[in-house]
Amino acid sequence: MNEASRPEEITEAVVVASFGACSDARTRELMQALTKHLHGFVTEVRLARDEWQRAIAILAETGGITDEHRQEFVLWSDALGVSMLVDALAIERPTGTTESTVVGPFWAAGSPIRRFGNSIGEHSGGDPAWVFGRVTNESREPIAGAESDVWQNGVNRLYAVQDPDVPEAHLRGLFHSTRDGEYAFLGIRPTPYPIPADGPVGRMLAATGRHPWRPAHIHVAVHAAGCESVATHIFDADSAYLDSDAVFAVKPSLVKQFVPRTLEDPDRPSGVSGSWYSVQMDFVLARQPDRAE
Ligand code: BEZ
Ligand code: FE
């Protein structure tokens, strides 16, 4: 029987006594550190009973609002900087390889495979942007057949998974690099948008005087055999909010210039009938470490 009643005794009973005998070392480490820090937080702020009840209600609401289209737990992780911290603590990538950033809640499986240079737009709206570059390994050798999974928000600020008025695959697609490692697609110049702010995360942002905006970006997740996958963004160098991203995801190496181009430009992609932009983003993938059996 636990007979702890003083605060330190309660913490000791949970952290040391209850988890001390856990036979799996990693589970023991995780549970002991989690409860130690949780108890430390409660003790430091002298959490009141009604505050803890409100916290539990917020967690319940987070679960309630989460479904296949809305992931409020991911949003907490992103808005509290935990996603970026976990990413920063993950295995170090060799210098010069493409940096990763948040995946966010709007990636969806099953994007259509599209051909080199094709458009990802299946609905009107937005200034065309030709996105191109090369996928290489650490030695800068081209990787053929690397898969780029791309997704971006529309001019109404919504991703297709949030928007019942556009086709499911609007502004999404899978592209495979050529023999020379090249990839290209026609997207739209991205626009800033607010992360969903009508739930518990939005209330936290409002209560703390934080804004919900993300700077304009295109998501790309690149996968190739024998290489570490990277989920990253192409940020628009002229966007607002680059210095105050609501989810702390901007890295200078990912910020690129969208170059204005004209109708007369001989490189104008087919299907473009006005002014357009181009942006180059090369992806350098790290070698997958040899895994001991
Ligand atoms: C996104 O970029 O899609 C995103 C990332 C984190 C939170 C919300 C949205
Ligand atoms: Fe996004």
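Summary of the structure given here. Computed from a predicted model, the values in this text were never measured in an experiment.

Conventions and cut-offs
Residues numbered from 1 in each chain as written. Chains lettered and ligands numbered in written order. Predicted model: local features only at pLDDT ≥ 70, side-chain atom pairs only at ≥ 80, totals over all residues. Heavy atoms only, no water. Donors = N, O, S within 2.8 Å, 3.2 Å for Na, K, Ca; no water. Tetrahedral: all angles 85-135°; square planar, octahedral: opposite > 155°, others 65-115°. Buried < 20%, exposed > 50% of the residue type's maximum accessible area, 1.4 Å probe, protein only. Pairing = 2+ DSSP bridges. Helix = DSSP H or I, 4+ residues; strand = E, 2+ residues; numbered from the N terminus.

Points about the coordination of the iron ion (ligand 2)
Each donor-metal-donor angle in an ideal tetrahedron of four donors is 109.5 degrees, and each such angle in an ideal octahedron of six donors is either 90 or 180 degrees.
Thinking step 1. For the iron ion (ligand 2), the full set of protein donor atoms is Tyr 159 (OH), Tyr 193 (OH), His 217 (NE2) and His 219 (NE2), at a range of 1.8 to 2.2 Å.
Thinking step 2. Considering all six donor atoms around the iron ion (ligand 2), angles at the metal cover 55 to 161 degrees and the coordination shape is irregular.
Thinking step 3. Motif for the iron ion (ligand 2), donor spacing along one chain: Y-x33-Y-x23-H-x1-H. Here His 217 and His 219 have matching classes, each one buried.

With respect to the sheet that holds strand β7 (residues 217–223)
Thinking step 1. Pairing is mixed across the open sheet formed by five strands, whose spatial order is β3-β2-β7-β8-β9. At either end of the open sheet lies a strand with only one pairing partner, and these are β3 (172–176) and β9 (255–256).
Thinking step 2. Sheet topology note: the strand β2 (residues 147–151)/β7 ladder contains five bridges and is antiparallel. Of the residues in β7, the one forming a bridge with Glu 147 is His 223.

Some words on the pairing of strand β1 (residues 128–137)
Walk down a regular strand and you will see the side chains alternate between the two sheet faces.
Thinking step 1. Of all 10 residues that make up β1, seven are buried, and the element is covered over most of its length.
Thinking step 2. In the sheet, β1 pairs with strand β4 (residues 182–188) via seven bridges, with the strands oriented antiparallel. What sits directly across from Ala 129, in β4, is Gly 187.
Thinking step 3. Taken together, the four bridges between β1 and strand β11 (residues 276–280) define a ladder with parallel strand orientation.

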